[in-house]
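Analysis of the macromolecular model
Here is how the chains run, residue by residue.
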Amino acid sequence: MDFFGQQDVARARSGRYLALFVVAVAAVVGAVYGVVILAEVWAARQSHGGMAAPALWQPKLFFATALGSLLVIAYGWSKESRRLDAGGGAVALALGGRQILHGRADAIEARLLHVVEEMAIAAGHPMPHVFVLDEEPGINAFAAGWTPEDAAITVTRGALELLDRDELQGVIGHEMSHLLEGDTRLNMRLMAWLAGIQSLGTLGLVLLRLGLRGRGRHRTRHDAPWPLAALGAALWLVGSLGLLAGRLLRAAVAREREHLADASAVQFTRNRTGIARALQKIGGWRHGSSVQEPQAAAMSHLFLGAPESQGFWSRLFASHPPLIERIRRLDPGFDGSFPPVEPSEQALLREREREQAAAAAASAAKSRQQVAASPVVVGLVERATGAPLQQARATIEALPTALRQATETPFGAAALTLALLVDRDESVRVRQIEGLRGVVGGGPGGSALIAEVLRLAHATIALPEEGRLPLCELAAPALGDLSPAQGEALARGVTLLADADGERSIFELALERVVVRRLAGRALAPQRSGPAVGKRALAAAMADVLGAISHVGAHGDSEAARSAFDAGRSALPPLWRREISLPEASALTHARVDAALDHLAAAPAHLRREIVDAAVRAAHDDAMLTVHEAEFLRGVAEALGVALAQSSTGGAARDGVEDR
């Protein structure tokens, strides 16, 4: 089956539904104007002075009405947005979730953490926070969050206990797709816009009650403000109809994104049966995908499966396609029957887990040899390799235990981040440690941190280059739990260690971007955005970034650099292609590239995605991805806030999806 074709169809359809959603908002604004015109006509007819009938088109009135309507909608939107601002973890906690942490997880929870880690590294996405709904026996999961830094994946206890590793990988791949495609951000925005439309109806209801109540205790029907009541009733009707249309369109968008996420789960895991079997278990389990928490119904579009029962009205507004339809898209031979899932199956599940673990160990050993012999690194999805998830698992298993354990706590993650920057040259290393003492202080906390940095540095200095990026990804979530003071100290320490030898390596640039972006979520004080960047400055910044990645992979070959640059430029819109040319390698200092990334970070979101896509295309021009190219791409993606895995490049590898 053409899963990539299914992804393209789902994206196109959801784009059309989103356009219709915008049309629905515009129609609501137009309907409010119509209500105001009808009120004027009614007032003219009631006038004893023979007031002339008003014109149906009054531009000034239209713009005033439109502005007022949009202000009401914006008020409701901003109120709901503030409620959702805390990110994916807050949504999980609101639904009764408990965060799973290393060192406090039982065996089945540790398996979930490992699967999420593998998927994050394979997809080139920062490790999300992981939660479990302990009191929910249904098989379900959801992803939520505005940004990669506050993203969270939550699964129910039923999913943990009843899904084997392949099925759990399929579910996590499905949820990771929602994060990479921006579905979680889109879902939250749609929730906010619906709240805005609903606020129009709420305003109408208030006006209706005021009109019916009138003034004074002895009012009559002649002195009661009936026009106000009529206006309120009309606004309530417009808001209600707009809300109804918006919910229908939101459900349609959600259904298409579910199809897209199912297909993406196959892309990430290279296994079509995992997600299909998980969906079949939902159909056969007596609790299905139900979630008992009352707030779940309002957030149904976030879940893997429908969390509420499917009556007539719920089917009309269903945010999920029927299970049979979803499974048949993955497995055309599915006969539509759902074998019952019994709790006793858990014993068989454990036996199957042992068999899968043995097979995974053999696969990991083979993958480790391939990683060591190949310039292709794991740290982003490289579709041409055909097995990113297996390589990610092999990379994690090859990491030294001390380094792997350090990623699990904020203190260890901070020490590991600094240790990755410790230089092999002893004279440089001495200067680095002395400078670091001045940053973290000489108290017990600072001394303990430096001791841990030195302990971990023994392992990081010997670490192969291809293991550095995965460690950054695994350590990133814990960095967000540092206090603001600790985050500021870590950011200064990273800059000091990177500058100690007088020059910045590509890895140091990438690591600094990863650290600063992760810390900016909670541990760093908010920073004001810089001034808007003009077109000429943006074009120059694009040329510098594309030129840098082109020269990195060319190794001094000017023709190879030119070919890579042209390949990247071809991915940009025509307006920008004409504005950029390949800079000389000698002109592309790290300071210049840093400044270019800062300029591009201020560009619109769609342009930032196109720039990252262009950089990926340039790196792939010679069909080889070196460690330094991967590190540079990670730095670019972090600086611009764009996930690498959903780049549109690599289309030639679409035939590489393996079905097991």
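Relevant structure appears above.
Presented here is a report on the structure given in the accompanying data block.

1. Description of the sheet that holds strand β4 (residues 152–156)
- The four strands are arranged β1-β2-β4-β3 in an open sheet whose pairing can be described as mixed. Lying at the two open borders of the sheet, with one neighbouring strand each, are β1 (98–99) and β3 (141–144).
- Bridge analysis of β1 against strand β2 (residues 129–133) gives two bridges, and the strand direction is antiparallel. For Q99, the partnering residue across the bridge sits in β2 and is F131.
- Strands β1, β2 and β4 of the sheet are contacted by helix α4 (residues 107–123), whose axis makes an angle of about 145° with β2.

2. Quick notes on the environment of L625
- Here L625 is to be found in the loop between α25 (605–619) and α26 (627–640).
- Judged by relative accessible area, L625 falls into the buried class, the value being 0%.
- Along the sequence, L625 and G553 sit 72 residues apart, while their C-alpha atoms lie 7.8 Å from each other.

3. Things to note about the pairing of β3
- Burial along β3 is two-sided: the residues A141 and A143 and F142 and A144 are all buried.
- In this structure, β3 lies alongside β4, joined through four bridges in antiparallel fashion. Bridged to F142 within β4 is T154.

4. Structural notes on helix α6 (residues 165–180)
- Compared with the 22 Å implied by 1.5 Å per residue over 16 residues, the 22 Å span of α6 between its first and last C-alpha is a close match.
- Across the 16 residues of α6, 16 count as buried, placing the element largely inside the fold.
- Two to three positions downstream of the cap, the backbone nitrogen of D166 sits 3.1 Å from a side-chain oxygen, assigning the N-cap of α6 to D164.
- Backbone geometry just downstream of α6 places G182 in the positive-phi region, at approximately 80°.

5. Remarks on the packing of aromatic side chains
- Counted according to the given criterion, the structure contains four aromatic pairs.
- Taken together through their ring pairs, the aromatic side chains of W57, F62 and F63 make up a single cluster.
- Looking at R468, its charged tip hangs above the ring of F507, at a distance of 4.2 Å from the centre.

About the cut-offs
Residues numbered from 1 in each chain as written. Predicted model: local features only at pLDDT ≥ 70, side-chain atom pairs only at ≥ 80, totals over all residues. Heavy atoms only, no water. Pairing = 2+ DSSP bridges. Helix = DSSP H or I, 4+ residues; strand = E, 2+ residues; numbered from the N terminus. Contact = heavy atoms within 4.5 Å. Axes fitted to C-alpha atoms, helices over the stretch in contact; angles between N-to-C directions. Buried < 20%, exposed > 50% of the residue type's maximum accessible area, 1.4 Å probe, protein only. Expected span 1.5 Å × (residues − 1). Polar contact = N/O pair within 3.5 Å; in protein donor to acceptor, adjacent residues only side chain to side chain. Phe/Tyr/Trp six-rings, centres within 6.5 Å; stacked < 30°, edge-to-face > 60°. Lys NZ or Arg CZ within 6 Å of the ring centre and 35° of its normal.

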